[in-house]
Amino acid sequence: MAEQTIPSDTPPPGDTPAAARDGDRRTGAGRRPDAAVVRDALGVGVAVGLSGLAFGVTSAGSGLSTPQTCALSLLVFTGASQFALVGALAAGGNPFTAAAGAFFLGVRNAFYGLRLSQLLALPRAVRPLAAHWVIDETSAVALAQPTRRGARIGFTVTGLTLYVLWNLTTLLGALGAEKLGDTDAWGIDAASPAVFLALLAPMLKTTVERVVAGLAVVLGLGLLPVLPAGVPVLAAALSAPLVLYADGRRRGAADTLKKEGNR
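Owing to the predicted nature of the structure, the values given are computational and were not obtained by experimental measurement.

As for the packing of aromatic side chains
Working step 1: Following the criterion strictly, the structure yields five aromatic pairs and no others.
Working step 2: Residues Phe 55 and Trp 166 carry aromatic rings whose centres are separated by 6.1 Å and whose planes lie at 20° to one another, so their mutual orientation is stacked. With Phe 55 in helix α3 (residues 52-61) and Trp 166 in helix α10 (residues 148-180), this pair connects stretches of sequence that are 111 residues apart.
Working step 3: Among the residues examined, Trp 166 registers a relative accessible area of 4% and is labelled buried.
Working step 4: Considering the side-chain rings of Phe 77 and Tyr 163, the 4.8 Å spacing of their centres and the 80° angle between planes classify their relative orientation as edge-to-face. You can see Phe 77 sitting in the loop between α4 (66-75) and α5 (79-90) and its partner Tyr 163 sitting in helix α10, a full 86 residues away along the chain. In this pair, the class of Phe 77 matches that of Tyr 163, namely buried.

Okay, here's the thing in structure tokens:
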């Protein structure tokens, strides 16, 4: 009898750990055409990258110089945090409070990085550079791909397109802010939050996630008139531990009632 071989992209028979199954899936099975991945990545990169124009205008309108505005996009490169920072400064908030709010918004990228480090498995020398591109959009495109090759292509194309366009449009927005006059009258500062919400909404699939998002909105908007600029963002971050604590108590009580009912 001829020796039977198992293709390298097919999981071995029998039970395997979840990580092994994921690795097998990422390296071969269900592979998408590279052109399709590039098309999707370019679409996301171009659509979101153009909103850098809104950041450039808003940042210049808040009092930051063009070099300062461009430095934020080059070095920080996470839109929600950048808008939070310049928004708090424009409202007269303390710079340290504004920076703290922007920092907490950016912490989510660290959690993306934990997942992407396993998925992309990039060479050690490349990881520090790739970490700068770990944001909502690159993570969403990479995680949507069924193979590791697709994830790498999606991450790279999205990150490169978005980084170039975001910084270019930031510069154009900052330079053109003076010609627009009163930037608040145009409502341009709402562009990036709108994009962020559009990306976030489809991810809220469970009741707990929706409750966290809803409570964050209530805390952020409700405390806006009574707290210094930047602080409501920090307060809104408390929605996650509060909801998770309440959900844990609810599950614990339900388990206790179930056990008592089985006696």
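Once the structure has been displayed, the description carries forward.
As for the environment of Leu 42
Working step 1: Structurally, Leu 42 can be placed in helix α2 (residues 34-49).
Working step 2: A residue is classified by how much of its surface remains accessible, and Leu 42, at 36% relative accessible area, is partly exposed.
Working step 3: Leu 42 sits 117 residues away from Gly 159 along the chain, and the two C-alpha atoms are 9.4 Å apart.
Working step 4: Setting aside chain neighbours within four positions, we find Leu 42 in contact with Val 157 and Thr 161.

Rules used in this analysis
Residues numbered from 1 in each chain as written. Predicted model: local features only at pLDDT ≥ 70, side-chain atom pairs only at ≥ 80, totals over all residues. Heavy atoms only, no water. Phe/Tyr/Trp six-rings, centres within 6.5 Å; stacked < 30°, edge-to-face > 60°. Helix = DSSP H or I, 4+ residues; strand = E, 2+ residues; numbered from the N terminus. Buried < 20%, exposed > 50% of the residue type's maximum accessible area, 1.4 Å probe, protein only. Contact = heavy atoms within 4.5 Å.

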